[in-house]
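Residue-level structural notes
Letter by letter, the chains look like this.
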Amino acid sequence: MEAPFSGVVLVSRGDETLFAEASGYAHRAYGVENTVDTRFAIASGTKGFTALVVVGLVAEGRLELGTTAREVLGGDLPLIDDRVTVEHLLTHTSGIGDYCDDEDPPETPPGLVTSADYLAALDGFPQQFPPGERFHYHNGAFAVLALIAERVAGIPFADLVRTRVTEPADMTDTAFLRSDALPARTATGYLEDGRTNVFSLPVVGFGDGGIYSSAPDFRKFWAALFAGRILPREWVDRMLRPHVDGYGLGFWLPRPGVVRLEGGDHGVTFVSIHQPSSGVTATLISNDHRGGGPRLRQLDEYLAKP
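Described below are features of the structure shown in this document. (Residues numbered from 1 in each chain as written. Predicted model: local features only at pLDDT ≥ 70, side-chain atom pairs only at ≥ 80, totals over all residues. Heavy atoms only, no water.)

Our focus in this paragraph is the packing of helix α1 (residues 46–59) against helix α6 (residues 157–166). Between α1 and α6, the shortest axis-to-axis distance is 10 Å and the interhelical angle comes to 80°. With respect to their mutual orientation, α1 and α6 come out roughly perpendicular. Along the contact surface, α1 presents F49, T50, L52, V53, G56 and L57, while α6 presents F157, L160, V161, R164 and V165. Residue composition of the contact of α1 with α6, grouped by class: eight nonpolar, two polar and one charged. (Axes fitted to C-alpha atoms, helices over the stretch in contact; angles between N-to-C directions. Helix = DSSP H or I, 4+ residues; strand = E, 2+ residues; numbered from the N terminus. Parallel < 35°, antiparallel > 145°, perpendicular 65-115°, else oblique. Contact = heavy atoms within 4.5 Å. Nonpolar A, V, L, I, M, F, W, Y, C, P; charged D, E, K, R; others polar.)

This is how it looks when you write it as structure tokens:
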């Protein structure tokens, strides 16, 4: 039997709400119910923000898609192939060793808070295949991209996301939060046995995942993205051009005319789908990684309608 859904589903067209549902508990022990504007961790949904930060630096001429990781990292992470470029990292074709491989997940390194913590965690994983050889979904690549962005801009990665993505989109509920000090109106994630996920994830997220957001904020996000308020439209269009295996630069492209961000982790389920032609956005966020299966199918079917 499928677990009861705990989270939020929001479907909108522009400012018009077509469907809104909140169910389950943001905090079970205290009986705090989820509401439509509850904040949740979105796991790998963060990768889209990372891509926007990096491509923004490319658009400004401070990086190039062909810039190698080695040019920026210097002697750090020496097992990364010297030929790996920013574009390889953005398209999951870098072939670098992954500190958090979805196909063979290791224990999450404990206590990840700062970029220095992530740099240490990323070290020591040998190259898996030559850069550009094939697509292999990769968490560590986006953590490396965050390191690159920090070093090029000279600004902490969380501040880059805030100033370049969330503030231009007026996403007031979206930020990197400490999982062990969540503020009000923020959901705690839960594992199958009822424990919280606080020991299963990094303390603070980074380029590959872990930012917190809300369903209403993603209504704002897609509108801002396609209005050119985050990046010039020519660069948005370039990011949403298929590169390999239904993937652009940081965004999934499941079918023509639809763009998608998604994430899943211990106690986290997130999907936000946007159809630019109709302006329809469908977002599902849950604080239970098992929940939402039928609702996800319904959202996909809804957006598949002509």
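Following the structure, the description resumes.
On the basis of which strands lie adjacent, the open sheet formed by six strands has the order β2-β1-β10-β9-β8-β7 and antiparallel pairing. Two strands close off the open sheet at either side, each with one partner strand: β2 (16–23) and β7 (252–255). Going across the sheet, the axis of each strand differs from the next one's by a mean of 15°, ignoring polarity. In this sheet, strand β10 (residues 280–286) lies alongside strand β1 (residues 7–13) in antiparallel orientation, the contact comprising seven bridges. Paired with R13 across the two strands is V280, which belongs to β10. Most of the contacts of helix α7 (residues 215–226) go to strand β8 (residues 258–265), to which it runs at about 140°, and overall it touches β1, β2, β8, β9 (268–275) and β10. (Pairing = 2+ DSSP bridges.)

On to helix α4 (residues 115–122). Of the positions making up α4, those classed as buried are Y118, L119, A121 and L122. All buried residues of α4 project into a common sector of 165° when viewed along the axis, lining one side. Here the buried face of α4 lies against α5 (140–153). In the stretch just after α4, G124 is the one whose phi turns positive, near 95°. (Buried < 20%, exposed > 50% of the residue type's maximum accessible area, 1.4 Å probe, protein only. Arc of directions from axis to C-beta.)

This brings us to the nonpolar core. If you look at the biggest cluster of nonpolar residues, it comprises 76 residues, and the most contacted ones within it are L90, F221 and F251. The leading source of residues in this core is α5, at 10 residues. Here L90 is in contact with A51, V54, V55, L65, F142, L145, Y247, G248, L249 and G250, once residues within four sequence places are set aside. Core analysis: the second largest hydrophobic core is formed by 10 residues, F5, V11, V258 and L284 among them. (Core = buried A, V, L, I, M, F, W, Y, C linked by side-chain atoms within 4.5 Å.)

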